[in-house]
Each structure stands twice: as C-alpha cells, then as structure tokens.
Amino acid sequence: MNLVFFGPPGAGKGTQAKRLVSKLGIPQVSTGEIMRAELKSGSDLGARFESFMSLGKLVPDELVLELIKKRLEADDAANGVIFDGFPRTVGQAKALDGIFGDLNRTLDRVVVLDVPEEDIVERISGRRIAVDGGQEYHIRYNPPPAGVDVKQRADDNEETARKRYQDYKGITEPVLEYYAATGTVVERIVGTGSLDEVSARIETAIGE
Ligand code: AP5
C-alpha cells in the first residue's frame, strides 16, 4: 500500500505515520526527517537544505525529488510506503505520479489531517524530540517520561510555525485540487482529539 499523509505542519502526520508502520509493515518516508538527518551528518546535500529549513521555507522541488527517488530504491520500500510531508507542491505531486508510473506502482490514498491554525501553533511550540532515538513528544499532550532528555527542533517556534502554515495554505493545499482532478482517493480526517482517536479514524479511512 502506498499512502500520503497530508496536512499542515504539526497536524500529527509523523506521529500517526509512526503508529501505522509496524501494523502495515511498510516504512514512513518523511522528507523532513531525511533532510534533518542529512543536515546532522554534515553532508554537502544537508548544507543545501539548511537555509530553507531554518526559515521554515520549502526546499526546492528538484532537491526533494532526488531524495525521494533514492529512498524508493531501498529494499524496505518495495511493498509500499507512508509519505509524510511529501508531496508539498503540485510539481512534487506530478513528479511522484511520474516516478510511480515508471515503477508500475500506484498511490492508494491521500489521508488529510485537518487541524486548525491555533492548535497547530500550540502543537509545534510544545513539540519536543528525544535526544537519543528521536521519539517525538508534546509537553502537554504526550509528555516525555521522567529522565528522557529532550530538545526542540530549530524551526519549532511560533513565528516559523505561522509562516509554515501560510505556505501550507498557499502552496501545499492546492495539491488536493490536483488529486481531485486526477481521481486519486483523498480521505479527510479530523486531526484533533486524542492520538488514539485520530489513529482509529485513519485506520477506518484506509480500511484497516
Ligand atoms: P517536516 O519535518 O515535514 O515538518 P512539517 O510538515 O512542518 O510537519 P511537522 O513535522 O512539523 O508536523 P507533523 O504533521 O509530522 O506533526 P507531528 O506528528 O510531529 O518539514 C520541515 C521542513 O523541511 C519544512 O519546513 C521544509 O523546509 C522542509 N521540507 C520537508 N519536506 C519538504 C518537501 N516535500 N518539500 C519542500 N520542503 C520540505 O505532531 C506535532 C506535535 O503535535 C507533536 O509534538 C505531537 O506530539 C503533537 N500531536 C500530534 N498529534 C496530536 C494530537 N492528536 N493531539 C495533541 N497533540 C498532538
């Protein structure tokens, strides 16, 4: 199964994708996580992402598509993937259709997590990441256990969150019009409520 988890920054795409990975036996492919790993490794490619990411700006399509093509070649992606944070522009969505066409694969569903802007800002400002292992928490909704050392992402402040949300509305949301026009199945999920409530809605939407 090939799924796209879609929605504004902080909607819970990563949290929910991780919850489904073992159940579906397919990996989460988060362009944001791949880029942060490249940055951390000190690679030349990572350095090309930094100026965009630190300002909450989208990374140019050609760089993103380079990563996606490489990731889809890995053995664990052979039976499907859960894209998280990709595609984010109509150009990326069209390119993904082309890549899948070449690989004889199809995109089964796009799952949209709808969350209002004010919740987004609260979620992003409260997000914390475990220094060891990268597990994500929220200081209020999913607090890290005592003794777990956590840090904040460089782009997780209110100003950048609002900028990312505006880009979502202006640049990323139009991808849904493209999917409507191409007949791709799009499931809209209420992304507020507990983590378990959101997971249950997603599982119903994808027939699990
Ligand atoms: P990326 O890493 O993809 O960030 P994002 O899309 O902005 O999404 P987030 O990771 O912020 O949110 P999420 O929806 O995964 O939410 P999460 O589960 O963490 O991208 C970062 C940057 O990389 C971009 O700005 C751009 O520069 C670049 N980039 C990446 N992909 C790109 C692409 N394709 N093209 C161009 N540039 C690209 O949840 C958020 C918080 O809320 C957590 O603390 C979580 O614990 C909490 N939470 C989750 N669910 C709930 C709930 N139900 N109730 C309460 N709290 C909840």
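Note that the structure is a prediction, hence the values are computed from the model and not measured.

Colleague: With reference to specific residues and values, describe the overall build of the protein chain.
Modeller: The secondary structure content of the protein chain amounts to 9 helices and 8 strands. Computed over C-alpha atoms, the radius of gyration of the protein chain comes to 16 Å, within 12% of the 17 Å expected from 2.2 N^0.38 for 208 residues, which places it in the range of a compact globule. Overall, the C-alpha framework of the protein chain stretches about 45 × 40 × 35 Å when taken along its three principal axes. In the protein chain, which comprises 208 residues, the share counted as buried stands at 46%. Counting contacts in the protein chain only where the partners sit at least 6 residues apart, residues at least 24 apart contribute 69% of the total. As displayed, the protein chain offers around 10,300 Å² of accessible surface, 50% of which is attributable to carbon and sulfur atoms. Charge centroids of the protein chain, computed over 27 positive and 34 negative side chains, lie 1 Å from each other.

Colleague: Let's hear about the sheet that holds strand β7 (residues 150-151): which residues, and what values?
Modeller: With antiparallel pairing, 3 strands are arranged side by side in an open sheet as β6-β5-β7. Single-partner strands in this sheet number two, and they are β6 (136-138) and β7. Both strand β5 (residues 127-130) and β6 contribute to a ladder of 3 bridges, which runs antiparallel. Paired with Arg-127 across the bridge in β6 is His-138. Sheet strands touched by helix α6 (residues 117-126): β5 and β6. Its angle to β5, the strand with the most contacts, is close to 30°.

Colleague: Go over the site of the ligand, please, and point to the residues and values.
Modeller: In the region of the ligand, 34 residues are neighbours, and Thr-15, Lys-57, Arg-88, Arg-127 and Glu-136 sit closest. The contact in question runs from a nitrogen atom of the ligand to an N or O atom on the side chain of Thr-31, over 2.7 Å. Contact between the ligand and Glu-136: an oxygen atom at 2.5 Å from a side-chain N or O atom of the residue. Protein chains shield 97% of the accessible area of the ligand, which is 1,000 Å² for the free molecule. Looking at which element gives the most residues to the shell around the ligand, the answer is helix α2 (residues 31-41), with 4 residues.

Colleague: Quick rundown of the pattern of salt bridges? Include the residues and the values.
Modeller: Going through the model one piece at a time under the given rule, you end up with 18 salt bridges. In this structure, Asp-196 engages Arg-19 in a salt bridge whose closest nitrogen and oxygen atoms are separated by 2.9 Å. With Asp-196 in helix α9 (residues 195-205) and Arg-19 in helix α1 (residues 13-24), the pair connects residues that are 177 residues apart, well separated along the chain. We note a salt bridge from Arg-162 to Glu-158, for which the minimum N-O separation is 3.0 Å. Here Arg-162 and its partner Glu-158 are both found in helix α7 (residues 158-172), 4 residues apart, which amounts to about one turn of the helix. Residue class for Arg-162 comes out partly exposed when judged on its relative accessible area of 25%. Three or more residues are tied together by salt bridges with common partners; here these are Arg-127, Glu-136, Arg-153, Asp-155, Asp-156 and Arg-164.

Colleague: Account for the nonpolar core, with residues named and values stated.
Modeller: Counting residues in each nonpolar core, the largest one holds 30 residues, and the members touching the most others are Phe-6, Phe-49, Ile-68, Leu-72, Phe-83, Val-110 and Tyr-179. Those elements that place two or more of their residues in this core are β1 (3-6), α3 (44-54), α4 (61-72), α5 (90-103), β4 (109-114) and α8 (175-182). Here this core takes 6 residues from α4, the largest share from any one element. The contact partners of Phe-49, leaving out residues within four places of it in the chain, are Met-35, Glu-38, Val-59, Leu-63 and Leu-67.

Colleague: Describe unusual backbone geometry, naming the residues involved and giving the relevant values.
Modeller: Here Phe-86 and Pro-87 are connected by a cis peptide whose omega angle stands at -5°. Following the sequence through the fold, Pro-87 ends up in the loop between β3 (82-84) and α5. The residue Asn-104 is not glycine, and still its phi comes out positive at about 60°. The exposed category is assigned to Asn-104, whose relative accessible area is 75%.

Colleague: I'd like a rundown of the sheet that holds β4, residues and numbers included.
Modeller: The 5 strands are arranged β2-β3-β1-β4-β8 in an open sheet whose pairing can be described as parallel. Because the sheet does not close on itself, it has two edges, and the strands there are β2 (28-30) and β8 (186-190). The average undirected angle you get between the axes of adjacent strands in this sheet is 20°. Pairing of β4 with β8 involves 5 bridges; the strand directions are parallel.

Cut-offs and rules
- Residues numbered from 1 in each chain as written.
- Predicted model: local features only at pLDDT ≥ 70, side-chain atom pairs only at ≥ 80, totals over all residues.
- Heavy atoms only, no water.
- Helix = DSSP H or I, 4+ residues; strand = E, 2+ residues; numbered from the N terminus.
- Rg over C-alpha atoms; globule rule 2.2 N^0.38 Å.
- Buried < 20%, exposed > 50% of the residue type's maximum accessible area, 1.4 Å probe, protein only.
- Contact = heavy atoms within 4.5 Å.
- Areas by Shrake-Rupley, 256 points an atom, 1.4 Å probe, with all protein chains shown as cover.
- Lys, Arg positive; Asp, Glu negative; His and termini not counted.
- Charge placed at Lys NZ, Arg CZ, Asp CG, Glu CD.
- Pairing = 2+ DSSP bridges.
- Axes fitted to C-alpha atoms, helices over the stretch in contact; angles between N-to-C directions.
- Near = heavy atom within 4 Å.
- Polar contact = N/O pair within 3.5 Å; in protein donor to acceptor, adjacent residues only side chain to side chain.
- Salt bridge = Lys/Arg side-chain N within 4 Å of Asp/Glu carboxyl O.
- Core = buried A, V, L, I, M, F, W, Y, C linked by side-chain atoms within 4.5 Å.

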